[in-house]
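Working through the structure, step by step
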Amino acid sequence: MAAGEVHTGRYRRVPPEGGWGLLVGVGMAMMFVVTLGSLPSFGLMFGDFLTELGEETSAIALITSCFFSALSFAGLFTNTLMKKTSCRTVGLIGAVSYIIGSMMTIFVRSTNELLISFAVFQGAGFGLMIPVSYTTFNAYFVEKRVVMMSVAQTLIGLGTMFYPIFIQRSMDAFGFRGCMAVLAAINSHTLLAMLVMHPVQWHMRRVPLEYDPVPTSAPVAGAASDEKPPKTEDDFRELPAGQALSQRNAKLRASRRASSIPGLGNWSGPVVVSDSTERDTKPATKWQILVDFLDLTLLKDPIYVNIVLGISFALYSDLAFFTLQPMYLFMLAFSKTDVSLIIAIGAGADLISRIFLAISSTCLNIKARYVYLAGALFTIVARFAFLCVFDFYGMAIVTAIMGFLRTWIHVPLPLVFSEYLPQERFPSGYGLFMFLQGNITFAIGPIVGYIRDVTGSYNVSFHVLTLVMALCVIPWFFEICYIRLKRKARTPELGHVTIPMIQETKA
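Computed from a predicted model, the values in this text were never measured in an experiment.

**Concerning the packing of aromatic side chains**
Overall, the coordinates contain 28 aromatic pairs when judged by the stated rule. Look at phenylalanine 46 and phenylalanine 118: their rings are 6.0 Å apart centre to centre, the planes differ by 70°, and that puts the pair in the edge-to-face class. Here phenylalanine 46 is found in helix α2 (residues 42–52), whereas its partner phenylalanine 118 is found in helix α5 (residues 111–140), with 72 residues between them in sequence. Neither phenylalanine 46 nor phenylalanine 118 differs from the other in exposure class; each is buried. One Lys or Arg, lysine 367, reaches over the ring of tyrosine 370 and ends 5.6 Å from the middle of that ring. Just above the ring of tryptophan 476 sits the side chain of arginine 369; from NZ or CZ to the centre is 4.3 Å.

**Focus on the pairing of strand β2 (residues 11–14)**
Taking every second residue as pointing to the same face, the buried face of β2 carries Arg12 and Val14, while none of Tyr11 and Arg13 on the other face is buried. Note that β2 and strand β3 (residues 205–208) share 4 bridges and pair antiparallel. Each residue of the ladder has a partner; that of tyrosine 11, found in β3, is proline 208.

**Structural notes on the packing of helix α1 (residues 20–36) against helix α6 (residues 145–187)**
Between α1 and α6, whose axes approach to 7 Å, the crossing angle comes to 40°. On the basis of their axis angle, the class for α1 and α6 is oblique. Seen along the crossing, α1 lies across α6 with a hand that is right-handed. Contact residues: Leu22, Gly25, Met28, Ala29, Phe32, Val33 and Val34 in α1; Met148, Met149, Ala152, Leu155, Ile156, Gly159, Thr160, Tyr163, Ile186 and Asn187 in α6. When its residues are assigned to classes, the contact of α1 with α6 shows 13 nonpolar, 4 polar and no charged.

**Structural notes on the confidence of the model for the protein**
On average, the protein scores 77 in pLDDT, and the residues at 70 or more come to 78%. Mean pLDDT values for the elements of the protein range from 41 in helix α8 (residues 233–237) up to 94 in helix α13 (residues 368–386).

What counts, and at which threshold
- Residues numbered from 1 in each chain as written.
- Predicted model: local features only at pLDDT ≥ 70, side-chain atom pairs only at ≥ 80, totals over all residues.
- Heavy atoms only, no water.
- Phe/Tyr/Trp six-rings, centres within 6.5 Å; stacked < 30°, edge-to-face > 60°.
- Helix = DSSP H or I, 4+ residues; strand = E, 2+ residues; numbered from the N terminus.
- Buried < 20%, exposed > 50% of the residue type's maximum accessible area, 1.4 Å probe, protein only.
- Lys NZ or Arg CZ within 6 Å of the ring centre and 35° of its normal.
- Pairing = 2+ DSSP bridges.
- Axes fitted to C-alpha atoms, helices over the stretch in contact; angles between N-to-C directions.
- Parallel < 35°, antiparallel > 145°, perpendicular 65-115°, else oblique.
- Left-handed = near helix turned anticlockwise from the far one by under 90°.
- Contact = heavy atoms within 4.5 Å.
- Nonpolar A, V, L, I, M, F, W, Y, C, P; charged D, E, K, R; others polar.
- pLDDT = per-residue confidence, 0-100.

If you want it as structure tokens, here you go:
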């Protein structure tokens, strides 16, 4: 019986794999469109406003860094809040916070006010809604999770493709504050998106039982039988020397969801660190309470830490790059119309890439982490080409390539964690990642803005951001090579394992 299925009498209750889950997917897509759509268009929305205040690059770097810092703190406590109240309630709190921040941006007059409205309120609200959306979505879809996630990501790409053009036309028609009012009305749809995040128990399907849920090989108390179940291939494959490891892996596989790009039913993740239930029975200290509260035992796992650091660096590099791109294009004397069109072309390529991933997922079996690594590697190459073109068509082509690769960095992100973590530790593991990612962004964000202000060169800033992206590629590459070499070194040892004779005992 797969995790998430509930036996009741002669039927079992399973996730709907559709039905209300379709509204959950649409709600998740709606939330990400209105939240993510504004990030690459930050320069279009606030560029002129910050220029009038005499602050530009440094303010953008500071505000975006604080945005992700607030997002990270909110994400860290989402798992704890969901233990205190319902997942849907946490999402509604996040939506209200995001809407309040959107309304406050209408009346901002200084950088500090923009910092509070956009970074604190909207960042914290976004941080609460992300884990809620992913957790609810994962509960509604098991067998169709990858397909439905691809559809949702395609809707997100379609929405974000038109977002910069819409913002620019709103600016032209209503001015800065009128455009902020329109965006506040659009952002209020996050409340509707969180309202549809019903608990999956409300919509479980009943499936008749076609087999005895009690395994025939399990002994029944008070009964004796001379018949033994036939040997299976697994019985001959599991040697006594590896039975303990096999049983432990089987227990972990029962609680996990494989989330590779092609199929979520083929789990291949490694064993993670033990949780707090495996400690001794000594009284818990204050530090141990904090460790359990935030699930900090995950930080003992070097692979998890490498995943978190790599994705944090890649995400910051990606978001900072596309935030600075409009300002760089303005410096090259591109018009606002050309800039919005170039951004829209990149978003269109992002949409095409999402459709490509959805189609390729039906025939290719590639781990989500490998897709992420490839996207980061090819993005580094594309950025060098970006700094070598200066005309509209060249810039549009290179931006389209980077937009196509950008999907490989954003779409597989939650799947990388669900590949590695057991299902019950996904909320805490993803929340801890959001916390660390936000703090990393907060720490290195102002540095890039400072470099831009001191050197007066966007090229230097872009090279620094490319170096930050390399901090994802290089450690991941060495980790993968190390694990493969270690695995090959252990393979010959299996040939020396002897199979002891098994004597049958009689009661």
